[in-house]
Amino acid sequence: MRRTQTVVRWVVLPAALLMAVRGVHGATITGTVSPAKADSVVYVEAIPGKKFPAPAKSFDMNQKNLQFLPHVLVVPVGATVDFLNSDPRRHNIFWPSINGDEKQSHNLGTWPQGQKRPFKFTTAGIVPLGCNVHPDMSAYIIVTPTPYFAVTDATGAFKINGVPDGSYKVSAWQEGLKMQTKPATVTGTAKVSFTLTK
Ligand SMILES: [Cu+2]
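Residues numbered from 1 in each chain as written. Predicted model: local features only at pLDDT ≥ 70, side-chain atom pairs only at ≥ 80, totals over all residues. Heavy atoms only, no water.

Chemist: For the overall build of the protein, give the residues involved together with the corresponding values.
Modeler: Looking only at helices and strands, one finds one helix and 17 strands in the protein. Buried positions account for 38% of the 198 residues belonging to the protein. Sequence-distant contacts in the protein: of pairs separated by 6 or more residues, those separated by 24 or more amount to 63%. (Helix = DSSP H or I, 4+ residues; strand = E, 2+ residues; numbered from the N terminus. Buried < 20%, exposed > 50% of the residue type's maximum accessible area, 1.4 Å probe, protein only. Contact = heavy atoms within 4.5 Å.)

Below, the structure is given as structure tokens:
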């Protein structure tokens, strides 16, 4: 009797605890994107039957020293991005398409230093940014269908935290290369790696 109780305590309790911890913090998906470089983006594709609230905070895309900062920005769908001009000259913001769909092209306008304009992204996809005053300026906003995403470090490694256990499609994006989507089954952890090509 005593022995049984001890076994229950040491086997069942840690398992229950682990599940409770996982319930709060979720599982993780790790892996690499090659070619290895920073600023590749990996995210979980839409999960059937699951909807996520729009994030409460907005995100910033800056224009400074004739560059977009950051060069790659990842936001979940429904997010508002505040576009700020920090330069003592006028900049423009436009995108010719979202996910290649030219019907979703948009020109936010051209405005002087210190001003900010918000835009809410309600469609998931790749948004290539340009400035029609300075054709060399470019950046990307990756609007992800779920809040489960990560950006690679310089070695190409990524870690997506807080994912619930389940089977998902995971996609990887890197500037200038073809996107790739792979299945991943997550039970606590999952590993998925990508090799992208032109
Ligand atoms: Cu500009």
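Chemist: So what's going on with the sheet that holds strand β9 (residues 116-120)? Residues and values would help.
Modeler: On the basis of which strands lie adjacent, the open sheet formed by four strands has the order β4-β3-β6-β9 and mixed pairing. One side of each edge strand has no neighbouring strand; the edge strands of this open sheet are β4 (67-69) and β9. In this sheet, neighbouring strand axes are inclined to one another by 20 degrees on average, regardless of whether the strands run parallel or antiparallel. Looking at chain direction, strand β3 (residues 59-64) and β4 are connected through three bridges and run antiparallel. Paired with Gln-63 across the strands is Phe-68, a residue of β4. (Pairing = 2+ DSSP bridges. Axes fitted to C-alpha atoms, helices over the stretch in contact; angles between N-to-C directions.)

Chemist: Any chance you could break down the pairing of β3 for me, citing the residues and the numbers?
Modeler: Both β3 and strand β6 (residues 80-85) contribute to a ladder of five bridges, which runs parallel. Of the residues in β6, the one forming a bridge with Asp-60 is Asp-82. Where β3 folds back onto β4 in an antiparallel hairpin, the turn is made up of two residues, including Asn-65, whose phi is positive at roughly 50 degrees.

Chemist: How would you sum up the coordination of the copper ion? Please name residues and give values.
Modeler: Taken together, the protein ligands of the copper ion are His-91 (ND1), Cys-131 (SG), His-134 (ND1) and Met-137 (SD), with distances of 2.0 to 2.7 Å. Seen from the copper ion, its four donor atoms lie at angles of 93 to 131 degrees, and the figure they make is tetrahedral. Written as a sequence motif, the donor residues of the copper ion are H-x39-C-x2-H-x2-M. For Met-137, a relative accessible area of 4% gives the class buried. (Donors = N, O, S within 2.8 Å, 3.2 Å for Na, K, Ca; no water. Tetrahedral: all angles 85-135°; square planar, octahedral: opposite > 155°, others 65-115°.)

Chemist: Explain the sheet that holds strand β2 (residues 41-44) residue by residue, including any values.
Modeler: Taken in spatial order, the four strands of this open sheet run β12-β2-β14-β15, and their pairing is antiparallel. The strands lining the two open edges of the sheet, one partner per strand, are β12 (149-151) and β15 (180-186). Strand-to-strand twist of the sheet, defined as the mean angle between neighbouring strand axes without regard to direction, takes the value 20 degrees. The pairing of strand β14 (residues 166-173) with β15 spans seven bridges and is antiparallel.

Chemist: Can you tell me about the side chain of Thr-28, naming the residues and giving the values?
Modeler: Here Thr-28 shows up in strand β1 (residues 27-34). For Thr-28, a relative accessible area of 18% corresponds to the buried category. Dropping the residues within four chain positions of it, Thr-28 is found in contact with Lys-159, Ile-160, Asn-161, Val-186, Gly-188, Thr-189 and Ala-190.

Chemist: Would you mind going over the packing of aromatic side chains in detail, with residue names and values included?
Modeler: Considering all chains together, one arrives at seven aromatic pairs under this definition. Between Phe-52 and Tyr-148, the aromatic rings sit 5.5 Å apart at their centres with planes inclined by 85 degrees, giving edge-to-face as the arrangement. With a gap of 96 residues between them, Phe-52 in the loop between β2 and β3 and Tyr-148 in the loop between β11 (138-144) and β12 connect regions that are remote in the sequence. Here Lys-182 stacks its cationic end above the ring of Phe-194, 5.6 Å away from the centre of that ring. (Phe/Tyr/Trp six-rings, centres within 6.5 Å; stacked < 30°, edge-to-face > 60°. Lys NZ or Arg CZ within 6 Å of the ring centre and 35° of its normal.)

Chemist: Which residues make up the side chain of Gln-63, and what values do they have?
Modeler: Assignment of secondary structure puts Gln-63 in strand β3. A polar atom in the side chain of Gln-63 sits 3.0 Å from the backbone oxygen of Asn-92. In contact with Gln-63, not counting residues within four places along its chain, are Phe-68, Leu-84, Asn-85, Ser-86, Asp-87, His-91, Asn-92, Ile-93, Cys-131 and Met-137. (Polar contact = N/O pair within 3.5 Å; in protein donor to acceptor, adjacent residues only side chain to side chain.)

Chemist: Describe unusual backbone geometry, listing the residues and the values that go with them.
Modeler: At the junction of Ser-34 and Pro-35, the peptide bond is cis and its omega measures out at 5 degrees in the coordinates. Along the chain, Pro-35 falls in the loop between β1 and β2. In this structure, Leu-66 takes a positive phi of about 60 degrees despite not being glycine. As for its placement among the helices and strands, Leu-66 is situated in the loop between β3 and β4.

Chemist: Outline the pairing of β2, listing residues and values.
Modeler: The alternating pattern of β2 places Val-41 and Tyr-43 and Val-42 and Val-44 on opposite faces, both of which are buried. As paired strands, β2 and β12 are joined by three bridges and run antiparallel to one another. Its bridge partner being in β12, Tyr-43 is matched across the sheet by Phe-149. Here β2 pairs with β14 via four bridges, running antiparallel. Across the sheet, Val-41 pairs through a bridge with Trp-173, a residue of β14.

Functional significance is not addressed by these values, which are geometric in nature.
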